[in-house]
Structures are given as structure tokens and as C-alpha cells.
Amino acid sequence: MIDATKAALEGRSPAPFDCIVANIESEPREDLLNVADVALSNGVINLTKRKDCALKYAFKILKNGGTFQFSDVCITPEPKKSDLDVDKAPQPQGEESWAK
């Protein structure tokens, strides 16, 4: 996947982003601290044994105000019926509310 992405970027100047291969369960290299505007993960964190390390890594490489976007699979406890009651759910507040 990395090779395909790098090939797609070939010839674009400047490249819109860099692809960096790293071990997300270890400490980030010094040259990777606070360098990313965005960190993306698609189905990686659920495959790691050390999820806490993986999440810390993602946030350590981000610049101040950077964004971490991920898509993953997780297991949650079976919801109670009371958790599913829409009338008891918190309601959005403010003008920016999409629920108006």
C-alpha cells in the first residue's frame, strides 16, 4: 500500500504529503516528533498488542492542533435498554447544531 501511494505521488511537486513507515508500538524517532498535520490509521490499532502505545505514538507525531483520524473495529459491552433511549440522549446545543 505504501508503494502504491508513493507511486501515485511521483512527479507531483510539491508532494501533498509524505508516507512514513514506522513501528507504531515503539517510541517515535526524534525526527518524527511534532511533524504531522494529520495522522491516519485505517484498521491498524485493533491489530496492535500495545494499543496504548499506538495511540500515544499517533499523538506524539502530531503538530499542536493536528488531527488524528482513524477507522477501526472495537468490542463494547452489550448496551442496556436505557442506553438506547433516544429521548434521554444529550441534545446538541448552539446554532451550529445539525439537529435543528
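Everything here concerns the structure above.
What this report covers is the structure whose coordinates are included nearby. Note that the coordinates shown come from a computational prediction; the quantities given were computed from them, not determined experimentally.

Reading the values: rules and limits
Residues numbered from 1 in each chain as written. Predicted model: local features only at pLDDT ≥ 70, side-chain atom pairs only at ≥ 80, totals over all residues. Heavy atoms only, no water. Core = buried A, V, L, I, M, F, W, Y, C linked by side-chain atoms within 4.5 Å. Buried < 20%, exposed > 50% of the residue type's maximum accessible area, 1.4 Å probe, protein only. Helix = DSSP H or I, 4+ residues; strand = E, 2+ residues; numbered from the N terminus. Contact = heavy atoms within 4.5 Å. Pairing = 2+ DSSP bridges. Right-handed = clockwise from strand over helix to strand, strands pointing away. Phe/Tyr/Trp six-rings, centres within 6.5 Å; stacked < 30°, edge-to-face > 60°.

## Considering the nonpolar core
Link 1 in the chain: Residues I24, L32, A36, A39, I45, A54, Y57, A58, I61, L62 and F68 constitute the largest nonpolar core, which totals eleven residues.
Link 2 in the chain: Elements with a minimum of two residues in this core: β1 (36-42), α2 (51-61) and β2 (62-71).
Link 3 in the chain: Top contributing element to this core by residue count: α2, with four residues.
Link 4 in the chain: Aside from chain neighbours lying at most four places away, what touches A58 is A39 and F68.

## Considerations on the pairing of β2
Link 1 in the chain: Strand direction decides the pairing type here: β1 and β2, joined by six bridges, are parallel. Its bridge partner lying in β2, S41 is registered against F70.
Link 2 in the chain: Viewed along the sheet, the connection from β1 through α2 into β2 turns out right-handed.

## With respect to the packing of aromatic side chains
Link 1 in the chain: Tallied over the entire structure, the rule returns two aromatic pairs.
Link 2 in the chain: Taking 5.3 Å as the distance between ring centres and 75° as the angle between the ring planes, the aromatic pair formed by F59 and F68 counts as edge-to-face.
Link 3 in the chain: By relative accessible area, which is 52% here, F59 ends up exposed.
Link 4 in the chain: Overall, the relative accessible area of 15% leaves F68 in the buried class.
Link 5 in the chain: When the ring of F68 is compared with that of F70, the centres are 5.2 Å apart and the planes differ by 20°; the resulting orientation is stacked.
Link 6 in the chain: Its relative accessible area of 52% is what places F70 among the exposed residues.
Link 7 in the chain: Following the ring pairs from residue to residue traces out a cluster consisting of F59, F68 and F70.

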